[in-house]
Amino acid sequence: MKIFRLILVCALISVPSGLSAQRLFEARTDYPTGQVQPESVAAGDFNSDGNVDLLVGHGYDGGVSIFMGRGEGWFDPPTFLDTGFFPDDFLVSDFNNDGDLDFAVTLSFDRLVGIWFGNGDGTFMLGGEYDTGVGPWGLALGDFNGDGLEDIATANDASHNVSILIGNSSGSFSSSINFPVERSPFDIAAGYFNADSILDLVTANKDSNSISVLMGIGDGSFSGQISYKVGNKPRSLVIGEFNGDGITDVAVSNSGSTFISLLFGNGDGTFNSAVQLETGINQWAVTTGDLDNDGDLDLIFSSRFSGGVHVHLSNGDGTFGERTRYTLGGGEPRNLISTDLNGDGNLDVVVPNGFGDSISLLYGKGDGTFAVTGDYPTGNGPSSVAAGDFNKDSFIDIATTNSTSDDISILMGNGLGVFGSATNIAGFNGIRAIVTRDFNGDNLLDLACAVRHTDEILIFIGNGDGTFSDPTNFSTGDSPSDIIAEDLNGDNKLDLAVSNALSDDISIFMGNGDGSFILTDTHSVGSVPVVLISKDVSGDNIFDLIVANALSNTVSILIGNGDGTFEPAINYNAGQDPRGLTLNHFDGDGFLDIAVANGGVDGYMTILKGNGDGSFIKESTYKSGNAVSSITSGDFDLDGIVDIVVGNGESIWLYTGIGDGSFNS
């Protein structure tokens, strides 16, 4: 989407260094996962090269994206492993004792745990699948029967119990034995809660607003649960020593409350009543680590609907400092982990963005904060930006299209948040939008650009050294304004959709997988389409197209059929001169809504409420400034509710969300 790229230009190219951690945009690296709705993440060295690799589980697509680390905290494009539907949590260990890391994954839809044996080269083979209770989500690892081998525990959301699978030396597991807990256990952890050196368990129970503690007997069985009340809808927990007494404590994230629950252990298997750590927003997942290297465990949590990661630094006595927020590149962050990605001895954070179809990496500085960016000149009038590793050095590079100087700027990154001087590719009159993907299947990033004055798109095939081949052109409609790249027909080859501002239509190009494209269809939309987005607004897990039409004052919705074709556009009144679009959950009903930036002398914002089936209802308008053209959304005031920012290149207007789809002026 063009307007979102404009905002990223400001974030990546023109952000002064030295700003505080509470600023709107934070330094991070975002990696597309290539699959829909990333929810879970785990880390390990799966090819024994000494670099951290990542597993990312996907809700809708099912399966796992595997990112192989290249050192310094950077990663190759992912490969995909079909593990089954709804992989919700991971454990990484060497289950079959062959020296290569394996992983276990819960598949809540199939009611089982899958064991995948590593081959030592970053690939995996299925080692077995084991039945659990109904709706397994969380996983815990430990030797529960004292035989020196690792066993597995699952938290089963729908059957309200814990399953224990006893492991043997070959990597296989026994049939599960179940132990009841309170309603809807969502997460689970294993730790030593008393002094008997036998592992115990604790679960976060989403529908009973509690945790359950089960004391280990030592033979793989557990005593009856003891429950403690926490906040509303607890979804995640982590154990650690938080108050300096040497006894294990529990921290619980509450998705329905604005506080984290802290339960301090007594050392005899019991815990004190929960203490509230006020966060000001609800939380989704929580983890812990020593972010500032002071010897005390800090807390890091994600807030699904704020689009951010939040940090409370520990004081060492069970209390914590004020919350610091870090904004992410995608919406709805789910699970998160802390690990040292780049080998500098400082903890970093990895977050899957469920709505953004990406993962975000935040690199720790060792003082409890994360690094910020600097300023880098491009050509004149940068209007669109794309980021990726163009020279295969494992560092993120940047490409911008520059509408005033009619060229493309390439800035090579060194992996430390620093970029070299721009190299410009000149001679493209009216170049506008840009997207980077691997269009020819050689594992090198290419570029696709829309050029409005010559009515074409240009495909630049990457050479792998930061340079690109001479472009191949494909004719579009009149004055192409925006471009997106997705697999629109399900053949695992990237396709293109282009909005054409002066012919009032959308061009659909099917990719051949070799960097060439065939124009297969043209769809009429409203007058002067200027912004194009691809998202699933109809709830069928197929990409749809959303278009802002500046002259007809409409938004067009084209429902995808999954074969590269689309239903005829349905147009919705979107207010005068729509110039920017953002999609998000504004009213909490789970359906994507649309916010429109309306330009002109009397600028304003329009809200279109989504019904979940691809249809929309115009809800309301809000006054802004003159000639607004860019818009984005997120939780900017840290209250757990989505807000909207509208800009015109000189000023921005912040509309704070109320949570019901309406906004404060």
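Please refer to the structure placed before this passage.
The rules behind these values
Residues numbered from 1 in each chain as written. Predicted model: local features only at pLDDT ≥ 70, side-chain atom pairs only at ≥ 80, totals over all residues. Heavy atoms only, no water. Core = buried A, V, L, I, M, F, W, Y, C linked by side-chain atoms within 4.5 Å. Buried < 20%, exposed > 50% of the residue type's maximum accessible area, 1.4 Å probe, protein only. Helix = DSSP H or I, 4+ residues; strand = E, 2+ residues; numbered from the N terminus. Salt bridge = Lys/Arg side-chain N within 4 Å of Asp/Glu carboxyl O. Pairing = 2+ DSSP bridges. Axes fitted to C-alpha atoms, helices over the stretch in contact; angles between N-to-C directions. Lys, Arg positive; Asp, Glu negative; His and termini not counted. Polar contact = N/O pair within 3.5 Å; in protein donor to acceptor, adjacent residues only side chain to side chain. Contact = heavy atoms within 4.5 Å. Phe/Tyr/Trp six-rings, centres within 6.5 Å; stacked < 30°, edge-to-face > 60°. Lys NZ or Arg CZ within 6 Å of the ring centre and 35° of its normal.

S.K.: Please clarify how the nonpolar core should be interpreted in this entry.
M.R.: Across soluble globular proteins, you tend to see nonpolar side chains buried next to one another. Grouped together as the largest cluster of nonpolar side chains are 21 residues, with contacts concentrated most on V537, I546, V555, I557, L581 and I594. At the level of elements, β43 (529-535), β44 (544-549), β45 (554-558), β47 (578-584) and β48 (593-598) are the ones that each hand at least two residues to this core. For this core, the leading source of residues is β43, giving three residues. Residues A433, F439, A448 and I459 belong to the second largest nonpolar core, which totals 16 residues.

S.K.: When you look at the pattern of salt bridges in this model, what are you seeing that I'm missing?
M.R.: Pairing of side chains with opposite charge becomes possible as their charged atoms draw close. Using the criterion set out here, one finds five salt bridges in the structure. As a salt-bridge pair, K609 and D587 come within 2.6 Å of each other at their nearest N and O atoms. With K609 in strand β49 (residues 604-610) and D587 in the loop between β47 and β48, this residue pair connects regions lying 22 residues apart in the sequence. The partner of D589 in a salt bridge is K609, and the shortest N-O contact between them spans 2.9 Å. Of the two residues, D589 is situated in the loop between β47 and β48 and K609 in strand β49; the sequence distance between them amounts to 20 residues.

S.K.: I would appreciate a short explanation of the sheet that holds strand β11 (residues 124-131) in the present structure.
M.R.: Backbone-to-backbone hydrogen bonds pair the strands of a sheet. The strands run either parallel or antiparallel. Strand order in this open sheet of four strands is β8-β9-β10-β11, and the pairing throughout is antiparallel. Edge strands, defined here as strands with exactly one partner in the open sheet, are β8 (87-93) and β11. Going from strand to strand, the sheet's axes swing by 20° on average, the running direction of each strand aside. Of the strand pairs in this sheet, strand β10 (residues 112-118) and β11 are connected by seven bridges, and their pairing is antiparallel. Considered in β11, the bridge of I115 is made with G128.

S.K.: Sorry if this is basic, but what is going on with the side chain of R235 here?
M.R.: By secondary structure assignment, the location of R235 is in strand β20 (residues 234-240). Buried charge without a partner: R235 forms no salt bridge, and the closest opposite charge is D207, 7.0 Å away. For R235, the side chain forms a polar contact with the side chain of S255, separated by 3.2 Å. If we skip the residues at most four places from it in the chain, R235 touches F186, D187, K206, S253, S255 and W284.

S.K.: Can you walk me through the sheet that holds strand β51 (residues 630-634) in this structure?
M.R.: The strand order across the open sheet built from three strands is β51-β52-β53, with neighbouring strands paired in antiparallel fashion. The open sheet is flanked by β51 and β53 (652-655), the only strands paired with a single partner. Pairs of neighbouring strands in the sheet enclose a mean axial angle of 20°, with direction left out of account. Note: strand β52 (residues 643-647) against β53, four bridges, orientation antiparallel. Its bridge partner lying in β53, V646 is registered against W653.

S.K.: How do you make sense of the packing of aromatic side chains when you look at a structure like this?
M.R.: When we look at a pair of aromatic rings, we describe it by the centre distance and by the angle of the planes. Tallying each qualifying case throughout the model produces 20 aromatic pairs. Ring geometry for W137 and F186: centres 4.6 Å apart, planes at 25°, overall stacked. You can see W137 sitting in strand β12 (residues 136-142) and its partner F186 sitting in strand β16 (residues 185-191), a full 49 residues away along the chain. An aromatic cluster of at least three residues, connected via ring pairs, comprises F46, F90, F103, W116 and F124. A cation sits over an aromatic face here: R235 above F186, 4.9 Å from the ring centre.

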